[in-house]
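Analysis of the macromolecular model
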Amino acid sequence: MNAAVATTVFGVFMVATVVLGLLALRGRGGGGGGLAEWSVGGRSLGPVFIWVLMAGEGYTSFSYLGAAGWGYNYGAPVLYVVAYMSCGYAIGYVVGPMLWSYARRHGLVGITDMVAHRFGRPWLGAVVAVLATVFLLPYIQLQITGMGVVLSTISYGTVSLNWAYFLAFAVTTGFVVVSGLRGSAWVSVLKDVLVIATLGFLALYVPLHYFDGYGAFLDRLVTEKADWLTFPGHGGGGSGGSGLGELWFISTTFLNALTVVIFPTTVAGYLGARNADALRRNAMYLPAYNVLLFVPMLLGLAALFVVPGLAGAESNLALFKLVVDSLPAWAVGVIGVAAALSSIVPMAVFMLVIGTMWGRSVLSLLPRFAERQKTAAQVVVVVAGSLALLLTYTAPNTLVRLSLISYEGMAQLLPMVLLALVWRRLTFRGAFSGLVVGVAVVCALVFSGNDPVGGVNAGLVALAANLAVALAVTFAGGRDADPRPDAEVLAHDPTDEEEKKEKEKEVLLPVDPGPSDHRV
């Protein structure tokens, strides 16, 4: 009976999710518009939709599974998530409007477009698309796994993991192919309402139900689990420890805060905005949303006393062990829906971004696909999702290992994507050489088990090598022979006056530029 009730609640909300995605297309044409409408919402999303869409970056299945699991296993080091995201929003206050203005001015829809335009080499966008796909694909697999674990758990084991993985893939793939970024933004509203409601409820319920209040819970935590409250966390000390100390925390926060602003999914959110001011306002408001991330972290610590002895992957179920054991089935279903939507929304954006990069920067180089970029992008979405699902079944550890270098690997695009857009002197040879060295160094360090390096995040070490090579090659070689003026090549933060001019142009220019407007 419990399984039937919980899965029914789950199924009703999944239907509502698909309906919301379809409603998002009203007034956008039968096919949902062109590539820009599908991939960046026609560059017309207002502050509320941008806020909930970009907040979705912080609330994935990791929020319900990984954050609680890290809190359960290590304690304090998990706070790096709150730290880097809040710092990243501050950087995004400047970077977001700059990238939005650059993409709008040149009719671009992603970082691969920007790189290709900046260096005047279409094939370079294809290279970046392939590299970014390698670093993004693990996130799709992890979201499929996360949603599958949630569905299997809230069904009290009635739905097997294999079927749960397939349902996660099917719902998300169908949803993103039809509705694109606008549909994700609409569903983000439902997701955020459920996330705020369920985490707010659990923040009050768990301490009261299991410990008679926060006072008794925190007293017990300080007395019995003091290791979890300091760096490097539980099991972090000694030669065989985790290495998650102060240096790791600072270096990871710094690296991830820089990287998150050029992460392809973040940029998709930037480019969907109606104007740059919406991005500035969101950069101020979004850190407040991170307060909720403390809840699953705290519940992971609470689970130490309620369900002790969880090891390995089981620790990721710390929060749901508390939920399933003490709440009625309908409440378990609602919390499961919130966690599932926290997988669907970011997974949809990941898949959409991969499809857009390939449709725009890779397949468009072939004449037969040049005029059908949106169709090509939608096909790539299905292929990418299918590949992630296949590897979830056949070789889960392959993508799990790749996920270790996802953020650290994506960080190696910082000089080519961000530095190049503000500094004309950086040459193609310098940026490309630095990228090759940075990716090689981060792969070597991570896969040889040397992450962190002396307590420092391996990605930051690789980025330092990347920058050193990029600058050395740039200053040692001659200037790139690019006749275009700085205003055509470089990005800048638009002023209010420039934004007014952009709005005036909207009356004269089509919202969705075709392939002929893609200048590289």
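Residues numbered from 1 in each chain as written. Predicted model: local features only at pLDDT ≥ 70, side-chain atom pairs only at ≥ 80, totals over all residues. Heavy atoms only, no water.

Remarks on the overall build of the chain
Keep this limit in mind: A run of H or I in DSSP counts as a helix once it spans at least four residues, and a run of E counts as a strand once it spans at least two, with each numbered from the N terminus. By definition in these notes, contact holds between two residues if any of their heavy atoms fall within 4.5 Å. In this description, accessible areas are obtained by the Shrake-Rupley approach with a 1.4 Å probe, and a residue is regarded as covered only by the protein chains that are shown.
Counting secondary structure elements, the chain contains 25 helices and zero strands. Contacts in the chain between residues at least 24 apart in sequence constitute 84% of all its contacts with a sequence separation of at least 6. Total accessible area on the chain is roughly 19700 Å²; 68% of this is exposed by carbon and sulfur atoms.

A word on a nonpolar patch on the surface
Stated formally: Candidates for patches are residues over 30% relative accessible area with no salt bridge; among them, like charges are joined within 9 Å and nonpolar side chains (Val, Leu, Ile, Met, Phe, Trp, Tyr) within 5 Å. One speaks of a salt bridge when a side-chain nitrogen belonging to Lys or Arg is within 4 Å of a carboxyl oxygen belonging to Asp or Glu.
On the surface, Y93, V94, M284 and Y285 cluster together into a nonpolar patch covering about 410 Å² of accessible area. Elements represented by at least two residues in the nonpolar patch include exactly helix 6 (80-106) and helix 13 (276-289).

What to know about the environment of A90
By the element assignment, A90 lies in helix 6. Spatially, the C-alpha atoms of A90 and A257 are 8.8 Å apart, while their sequence positions differ by 167 residues.

Thoughts on unusual backbone geometry
The peptide bond linking F231 to P232 adopts the cis configuration, its omega dihedral lying at 5°. In this model, D451 is joined to P452 through a cis peptide bond whose omega is 5°. With respect to the secondary-structure elements, P452 resides in the loop between helix 22 (428-447) and helix 23 (458-476). Its identity is not glycine, yet Y156 carries a phi of approximately 55°, on the positive side.

Quick look at the nonpolar core
Threshold: Buried Ala, Val, Leu, Ile, Met, Phe, Trp, Tyr and Cys residues that are joined via side-chain atoms within 4.5 Å together make up what is termed a nonpolar core. A simple rule labels every residue: compare its accessible area, found with a 1.4 Å probe on the protein chains alone, to the largest value its type can have, and call it buried under 20%, exposed over 50%, or partly exposed in between.
Formed by 151 residues in total, the largest nonpolar core has its most connected members in Y64, M114, I140, I144, F320 and L413. Of all the elements, helix 16 (residues 329-362) adds the most residues to this core, at 20 residues. In contact with F320, other than residues within four places in its own chain, are Y64, L65, V150, T153, I154, I335, G336 and A339.

Observations regarding the packing of aromatic side chains
Applied cut-off: Two aromatic rings, drawn from Phe, Tyr or Trp (for Trp, its six-membered ring), form a pair once their centres lie within 6.5 Å of each other, and the interplanar angle then sorts them: stacked below 30 degrees, edge-to-face above 60, tilted otherwise. Look at NZ for Lys and CZ for Arg. If either is within 6 Å of the ring centre and within 35 degrees of the ring normal, a charge sits over the ring.
In this structure the tally under the stated criterion is 22 aromatic pairs. On the numbers, 6.2 Å between centres and 65° between planes, the contact of F119 with F428 is edge-to-face. Of the two residues, F119 is situated in helix 7 (residues 111-119) and F428 in helix 22; the sequence distance between them amounts to 309 residues. The burial state of F119 is the same as that of F428; both residues are buried. A connected cluster of aromatic rings, assembled from ring pairs, spans W70, Y74, Y80, Y84, Y139, W248, F263, F350 and Y407. In this structure, R118 packs its charged tip against the face of F119, placed 4.7 Å from the ring centre. Above the ring of F428, the side-chain terminus of R121 is found at 4.1 Å from the ring centroid.

Examining the pattern of salt bridges
Scanning the entire structure with this criterion turns up eight salt bridges. Among the ionic pairs, D277 bridges to R281, the shortest N-O distance being 2.3 Å. In this pair, D277 and R281 both sit in helix 13, four residues apart, roughly one turn of the helix. Here the residues in one salt-bridge network are D277, R280, R281 and D493, joined through shared partners.

What about the packing of helix 8 (residues 122-154) against helix 22?
What counts, and what does not: Here, axes are lines fitted to C-alpha atoms. For helices the fit covers the stretch in contact, and angles between N-to-C directions go from 0 to 180 degrees. Any angle that is under 35 degrees is reported as roughly parallel, and any over 145 degrees as roughly antiparallel; angles of 65 to 115 degrees are reported as roughly perpendicular and all others as oblique. Throughout, a crossing is termed right-handed when the near helix is turned clockwise from the far one, and left-handed when it is turned anticlockwise from it by less than a right angle. Here the term charged refers only to Asp, Glu, Lys and Arg, the term nonpolar to Ala, Val, Leu, Ile, Met, Phe, Trp, Tyr, Cys and Pro, and the term polar to all other amino acids, Gly among them.
Between helix 8 and helix 22, whose axes approach to 13 Å, the crossing angle comes to 15°. Regarding the angle of helix 8 to helix 22, the classification is roughly parallel. For the pair helix 8 and helix 22, the crossing hand works out as left-handed. Where helix 8 approaches helix 22, its residues W123, L124, V127 and L131 are matched on the opposing element by F428, F432, L435 and V439. Here the residues of the contact of helix 8 with helix 22 are counted per class, giving eight nonpolar, no polar and no charged.

Digging into helix 9 (residues 161-211)
This is how it is decided: Helix span, as expected, comes to 1.5 Å for every residue beyond the first.
For helix 9, which comprises 51 residues, the first-to-last C-alpha distance of 32 Å sits more than 12% below the rise-based estimate of 75 Å (1.5 Å per residue). Immediately downstream of helix 9, the backbone of D212 shows phi near 65°, a positive value.

Remarks on the packing of helix 6 against helix 7
Running from amino to carboxyl end, helix 6 crosses helix 7 at an angle of 70°, the nearest separation of the two axes being 11 Å. As judged from the angle between their axes, helix 6 and helix 7 are roughly perpendicular. Residue-level inspection shows L99, Y102, A103 and H106 of helix 6 in contact with helix 7, the latter providing M114, H117 and R118. Here the contact of helix 6 with helix 7 is composed, by residue class, of four nonpolar, two polar and one charged.

Topic: the side chain of R484
Heads up, the condition is: Pairs of N or O atoms are called polar contacts if they sit within 3.5 Å, as long as, within protein, a hydrogen donor faces a hydrogen acceptor (for residues adjacent in sequence, only side-chain-to-side-chain pairs).
The residue R484 is located in the loop between helix 23 and helix 24 (486-489) in this model. There is a polar contact of 2.8 Å between the side chain of R484 and the backbone oxygen of H117. Of the polar contacts made by the side chain of R484, one reaches the backbone oxygen of R118; its length is 3.1 Å.

Some details on helix 1 (residues 2-23)
Cut-off, in case you're wondering: The directions from the helix axis to the C-beta atoms form the arc being described.
With 22 residues, helix 1 should cover 32 Å at 1.5 Å per step; its first-to-last C-alpha distance of 32 Å lies within 8% of that length. Within helix 1, burial applies to A3, A6, V9, F10, M14, T17 and G21. End-on, the buried residues of helix 1 take up no more than an arc of 140°, which puts them together on one face. Facing away from the buried side of helix 1 by more than 90 degrees, the exposed set consists of V12 and V15. The inward-facing, buried residues of helix 1 abut helix 8, helix 9 and helix 16.

Points about the environment of P494
With respect to the helices and strands, the residue P494 is situated in the loop between helix 24 and helix 25 (496-506). Linking P494 and W100, residues 394 residues apart in sequence, is a C-alpha distance of 8.9 Å.

Quick notes on the environment of T60
Take T60: it is sitting in the loop between helix 3 (47-55) and helix 4 (61-64). Look at T60 and you get buried, because its relative accessible area is 11%. Contacts of T60, omitting those with residues within four sequence positions, involve Q143, S342 and P346.

Quick notes on the confidence of the model for the chain
Threshold: Each residue carries a pLDDT score, the predictor's own confidence in it, on a scale running from 0 to 100.
The pLDDT averaged across the chain works out to 83; a share of 84% of its residues lies at or above 70. Here residues 507-520 is modelled with pLDDT under 50, and outside its nearest four sequence neighbours on either side it reaches 26 contacts, counting other chains as well.

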